[in-house]
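Overview (structure and organization)
If you want the building blocks of each chain, they are given just below.
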Amino acid sequence: MQRTVTTIRVSRGPELTVVEVCSERPGPVVAVTANVHGDESTGVAAVHRLDQWLRTSIVAGRVLLFPSLNPAGLRAGTRELPGGSDLNRAFPGSDRGGPASRVAGVVWNFLRANEVGALIDLHADSSVSVPYVILDRSVRLPAEQRDSMDRQVARLAQASGLIALREYPDAEYLRFVLDQSLAGAMVNHAAVPAITIEAGPRRAVAADAVDTMVHAVQGVLGALGVCVGPAAAHPSFVEGGPWRRGSSPRSSLGGVFVPSIAPGNVFSKGDVLGEIRSLAGDLIEQVRAETNGIVISWMDGCWVEPRGVTGTLGLQE
């Protein structure tokens, strides 16, 4: 085993740390990236733990670990890069663009130069969420290549042992520019399988969330042959689906949102997902499910504005 630490520099931007753990045996090159959004810190701790674990557990190939792609956002506790741009909508990026595009371009060129064959991007949702994995839509690949990519991505997601959500339908996927997220760009512009793991709250490192994220990544690395063995399913895993990511029905009025169904539980069309109440406690509105699905997360906080979204659902595909 060989371990090296390098730094890549972004023009007029941050220095990014990369830890490489290399086996003596040939095998795939896998990248594990974290903290694209600066206020999502679970992945930073998970990468540190994976670094320690891989030193004695890697059996083939190379793993490139990125503890933080947004160190300024990490220090400030902000989702975006300084200046307010979302790095996770800037890939593949360019060295001639704005701050997000320059960071994305440097990271992209590094990944491509190292012939990365799979990527795992680590994120966090809310403090009221089950862990889950997102599968991007390979909308920019030809039909035959798309089928193959979808199978590869599904295999990685299954190996994580978490509830798997396919991204929004194609038209929404493109409207939300998700093909320019890191995982989405790898799938669509590099034809490299990639998944996004969401675990833990933002702005805090919770030990159980780090355990969950590390276990999920270990499962994916096992499936790729980098280490031994897949992961067992996480206790929150629910049979059913396939699920696709969707937002909760929007509220008509503002008020205090009180969930009726906890994350990780399935629901049927017409079920009450939650209630909106006035500060006096009067019932204003019931938010009902528009189709069958599973609750993934509810928002941090309890106040919802009119036409507000209260959480993330897994809807039946």
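The structure contained in this document is the topic of the report that follows. Please read these numbers as outputs of a predicted model, since none were measured by experiment.

Description of the overall build of the chain
The number of helices and strands found in the chain is 7 helices and 17 strands. Here the C-alpha atoms of the chain give a radius of gyration of 20 Å, agreeing with the 20 Å that 2.2 N^0.38 yields for 317 residues. Projected onto the principal axes, the alpha-carbon positions of the chain cover approximately 65 × 40 × 40 Å. Of all 317 residues assigned to the chain, the portion counted as buried reaches 54%. If you take every contact in the chain between residues at least 6 apart in sequence, the share linking residues at least 24 apart comes to 71%. Carbon and sulfur atoms provide 50% of the accessible area of the chain, an area that totals close to 13,400 Å². Taking the average place of the 29 positive charges on the side chains of the chain and the average place of its 32 negative ones, the gap between the two points comes to 4 Å.

Some words on the packing of aromatic side chains
Taken as a whole and assessed by the stated rule, the structure comprises 3 aromatic pairs. Relative to Phe110, the ring of Phe66 lies with its centre 5.9 Å away and its plane at 90 degrees, an arrangement referred to as edge-to-face. A residue pair is termed long-range when its members are at least 10 positions apart, and Phe66 in strand E4 (residues 62–66) and Phe110 in helix H3 (residues 99–113) qualify at 44 residues. Phe66 sits in the buried class, given a relative accessible area of 0%.

Brief notes about the state of the cysteines
Applying the stated rule across the entire model yields 0 disulfides. Of the cysteine sulfurs around Cys22, a residue in no disulfide, the closest is that of Cys227, at 15 Å.

Quick look at the pairing of strand E1 (residues 2–9)
Two faces, one strand: in a regular strand the side chains alternate between the faces of the sheet. By the bridge criterion, 8 bridges tie E1 to strand E2 (residues 15–22) in an arrangement that is antiparallel. The residue bridging Ile8 from the neighbouring strand is Leu16, located in E2. Here E1 folds back onto E2, and the loop between the two strands holds 5 residues, one of which, Arg12, carries a positive phi near 55 degrees.

Topic: the packing of helix H1 (residues 42–57) against helix H7 (residues 207–223)
Remark: H1 packs on H7, axes separated minimally by 9 Å, with the N-to-C direction vectors making an angle of 55 degrees. The pairing of H1 with H7 is recorded here as oblique in orientation. Crossing hand, H1 versus H7: right-handed. Across the interface between the two elements, Thr42, Gly43, Ala45, Ala46, Arg49, Leu50, Trp53 and Leu54 of H1 pack against Ala209, Val210, Asp211, Met213, Val214, Val217, Gln218 and Leu221 of H7. In terms of residue class, the contact of H1 with H7 is made up of 11 nonpolar, 3 polar and 2 charged.

Thresholds, definitions, all that
- Residues numbered from 1 in each chain as written.
- Predicted model: local features only at pLDDT ≥ 70, side-chain atom pairs only at ≥ 80, totals over all residues.
- Heavy atoms only, no water.
- Helix = DSSP H or I, 4+ residues; strand = E, 2+ residues; numbered from the N terminus.
- Rg over C-alpha atoms; globule rule 2.2 N^0.38 Å.
- Buried < 20%, exposed > 50% of the residue type's maximum accessible area, 1.4 Å probe, protein only.
- Contact = heavy atoms within 4.5 Å.
- Areas by Shrake-Rupley, 256 points an atom, 1.4 Å probe, with all protein chains shown as cover.
- Lys, Arg positive; Asp, Glu negative; His and termini not counted.
- Charge placed at Lys NZ, Arg CZ, Asp CG, Glu CD.
- Phe/Tyr/Trp six-rings, centres within 6.5 Å; stacked < 30°, edge-to-face > 60°.
- Disulfide = S-S within 2.5 Å.
- Pairing = 2+ DSSP bridges.
- Axes fitted to C-alpha atoms, helices over the stretch in contact; angles between N-to-C directions.
- Parallel < 35°, antiparallel > 145°, perpendicular 65-115°, else oblique.
- Left-handed = near helix turned anticlockwise from the far one by under 90°.
- Nonpolar A, V, L, I, M, F, W, Y, C, P; charged D, E, K, R; others polar.

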